[in-house]
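Chain by chain, the residues:
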Amino acid sequence: MRNILHIISSPRKEVSASRKLGNAVIEKIQEKYSDSVVRERDLTQNPVPFLEEEHIITFFSPAENHSPEQQSINRYSEDLISELKEADIIVIDSPMYNFSVPATLRAYFDFTSRAGYTFKYDENGPKGLLNDKKLYIAFTSGNIYSEGPYQIYDSNVPYIKNIFGFYGVSDVSVFRAEGLSIPGIQETSLEKAIEEITID
Ligand SMILES: Cc1cc2nc3c(=O)[nH]c(=O)nc-3n(C[C@H](O)[C@H](O)[C@H](O)COP(=O)(O)O)c2cc1C
């Protein structure tokens, strides 16, 4: 049985392009692996809080010294990380919002990027602790970033790859529905991206 974790970050629901692309990736995975189980982490339903000082103090102090409030912060972060650890396959929906990932996804990474959980440092530098996972990125954008003059602004996909590379996940496939604001491209972009999904 394969555990799939679907991380959703668009606040839009029915009309969300990234949810449609992410859902299509999930459907194709399920076609290939009929025994798979999907767990959804919808970051817009239960947003991860923005980092505050108390969170940072908690993350960098020994558990035995935690106050009840810090215990609950730690448990929340550990639960998010456990979901990642339990997943064999991770699908992230990532629309581009103002040249970045939605703030909800950034906040999520602030609660999952923790030494001793998702990475560690030793004398050779950083080492990822989430190995043997497959990551699919479902990227959507108004403009086009995979080629052409705006390629230098291609921020989301490299960023998510960097974060997961740091966690030890290097097996990544990317599906892009781009040009969703460009007349002549927007009409077919999502459909084409869905058609091109292949699961390895
Ligand atoms: C608040 C907001 C900011 C956006 N910023 C960008 C941007 O910086 N670059 C871009 O190419 N498209 C931008 N777009 C277009 C979205 O990337 C595009 O519509 C995408 O499909 C949104 O995914 P969603 O429908 O799942 O929310 C933006 C859209 C919104 C709503």
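Read on for a plain summary of the structure. Every chain begins its residue count from 1, and numbering advances along the sequence as written. pLDDT decides what is reported in this predicted model: residues at 70 or higher carry local features, side-chain atom pairs at 80 or more are listed and counted, and totals for whole chains, interfaces and linings draw on all residues regardless. Excluding hydrogens and water, the side-chain figures rest on all heavy atoms present in the structure.

It is worth spelling out the site of the ligand at this point. Not every one of the 16 residues close to the ligand is listed here, only the nearest: Ser 10, Ser 16, Ser 18, Met 96 and Tyr 145. By the criterion applied in these results, polar contacts are pairs of N or O atoms within 3.5 Å in which, for protein atoms, one can donate a hydrogen and the other can accept it, and in which residues neighboring in sequence qualify only through two side-chain atoms. Between an oxygen atom of the ligand and a side-chain N or O atom of Tyr 97, the distance comes to 2.7 Å. Between the ligand and Asn 143 there is a distance of 2.9 Å, counted from an oxygen atom to a backbone nitrogen or oxygen. Areas reported as accessible are Shrake-Rupley estimates using a 1.4 Å probe. Residue values count occlusion only from the protein chains shown. Coverage of the ligand by the protein amounts to 77% of the 620 Å² it exposes when considered alone. Considering only residue class, the shell around the ligand consists of 7 nonpolar, 8 polar and 1 charged. Here, proximity means that at least one heavy atom of the residue falls within 4 Å of the molecule or strand. Residue polarity follows a fixed list, in which Ala, Val, Leu, Ile, Met, Phe, Trp, Tyr, Cys and Pro are nonpolar, Asp, Glu, Lys and Arg are charged, and the others, Gly among them, are polar.

Moving on, we come to the packing of helix α3 (residues 68-86) against helix α4 (residues 103-112). Interaxial angles span 0 to 180 degrees and are taken between N-to-C directions of axes, which are lines fitted to C-alpha atoms, for helices over the stretch in contact. The secondary structure listing takes helices from DSSP runs of H or I that are at least 4 residues long and strands from runs of E that are at least 2 residues long, numbered from the N terminus. Two numbers describe how α3 lies on α4: the axes approach to 8 Å, and their chain directions differ by 100°. Here α4 runs roughly perpendicular to α3, going by the angle between their axes. Note on element contacts: α4 touches α3 through Tyr 108, Phe 111 and Thr 112, opposite Tyr 76, Ser 77, Leu 80, Ile 81 and Leu 84. Of the residues in the contact of α3 with α4, the class split is 6 nonpolar, 2 polar and no charged. Here roughly perpendicular refers to angles of 65 to 115 degrees, roughly parallel to angles under 35, roughly antiparallel to angles over 145, and oblique to all remaining angles. The criterion used for residue contact is that any of the two residues' heavy atoms lie within 4.5 Å.

Here the focus is the environment of Gly 142. Turning to its location among the elements, Gly 142 is positioned in the loop between β6 (134-140) and α5 (156-166). On the basis of relative accessibility, which here comes to 25%, the residue Gly 142 falls in the partly exposed class. Measuring from C-alpha to C-alpha, the distance between Gly 142 and Val 174 comes to 17 Å, with 32 residues separating the pair along the chain. Residue contacts for Gly 142: discarding those within four places in its chain leaves Gly 179, Leu 180, Ser 181 and Ile 182. Classification of residues uses two cut-offs on accessible area relative to the type maximum, computed with a 1.4 Å probe and protein chains only: under 20% is buried, over 50% is exposed, and between them is partly exposed.

Quick look at the nonpolar core now. The nonpolar core is taken to be a set of buried Ala, Val, Leu, Ile, Met, Phe, Trp, Tyr and Cys residues, with the residues joined through side-chain atoms within 4.5 Å. Formed by 29 residues in total, the largest nonpolar core has its most connected members in Tyr 108 and Phe 164. Breaking this core down by element, the ones donating at least two residues are β1 (3-8), α3, β3 (89-95), α4, β6 and α5. Here this core gets 5 residues from one element, more than from any other, and that element is α4. If we skip the residues at most four places from it in the chain, Tyr 108 touches Leu 5, Ile 7, Arg 41, Leu 43, Val 48, Leu 80 and Leu 84. With 17 residues, the next largest nonpolar core counts Ile 4, Ile 89, Tyr 136 and Ala 138 among its residues.

With that out of the way, let us pick up the layout of surface pockets. In this approach, a probe sized like a water molecule rolls over the atoms, and the result shows the empty space that is left. With a 1 Å grid laid over protein atoms only, a set of points is called a cavity when a 1.4 Å probe fits there but cannot get out and a pocket when it is open yet has protein on both sides within 12 Å along at least five of seven lines; lining residues have an atom within 4 Å of a point. Grid points are joined across faces, edges and corners, and a volume is the space filled by probe spheres set on the points. Taken as a whole, the largest pocket spans an internal volume of roughly 280 Å³. If you go around the largest pocket, you meet 15 residues; those closest to its centre are Arg 176, Glu 178, Ser 189, Lys 192 and Glu 196. At the level of elements, β7 (171-177) and α6 (189-195) are the ones that each hand at least two residues to the lining of the largest pocket. When its residues are assigned to classes, the lining of the largest pocket shows 6 nonpolar, 4 polar and 5 charged.

Of all 7 residues that make up β6, 7 are buried, and the element is covered over most of its length. Here β6 shows no split at all, with Lys 134, Tyr 136, Ala 138 and Thr 140 on one side and Leu 135, Ile 137 and Phe 139 on the other all buried. Strand pairing requires that DSSP identify at least two bridges connecting the strands. Two strands pair when backbone bridges link them, and β3 and β6 are joined in this way by 7 bridges, in the parallel orientation. Directly across from Ser 94, in β6, lies its bridge partner Phe 139. One ladder, built from 7 bridges, connects β6 with β7; its direction is parallel. Looking across to β7, one finds that Thr 140 is bridged to Ala 177. In this fold, the crossover linking β6 to β7 by way of α5 has right-handed handedness. We call a crossover right-handed when, viewed with the strands running away from us, the connection from the first strand over the helix to the second turns clockwise.

This part takes up the side chain of His 66. For His 66, the location among the structural elements is in the loop between α2 (53-59) and α3. Here Thr 58 takes part through its backbone oxygen, which lies 3.1 Å from a polar atom of the side chain of His 66. Sequence-distant contacts of His 66, defined by excluding residues within four places in its chain, comprise Thr 58, Ser 61, Gln 71 and Asn 74.

In this section: the sheet that holds strand β2 (residues 37-42). Spatial ordering of the open sheet is given by β2-β1-β3-β6-β7, a layout of 5 strands whose pairing is parallel. In this open sheet, the two edge strands, each paired with only one partner strand, are β2 and β7. Geometrically, the sheet is characterised by an average inter-axis angle of 15° between neighbouring strands, direction not taken into account. Sheet strands in contact with helix α1 (residues 17-32) are β1, β2, β3, β6 and β7, and its direction is about 160° off that of β3. Sheet strands touched by α4: β1, β2 and β3. Its angle to β1, the strand with the most contacts, is close to 130°.

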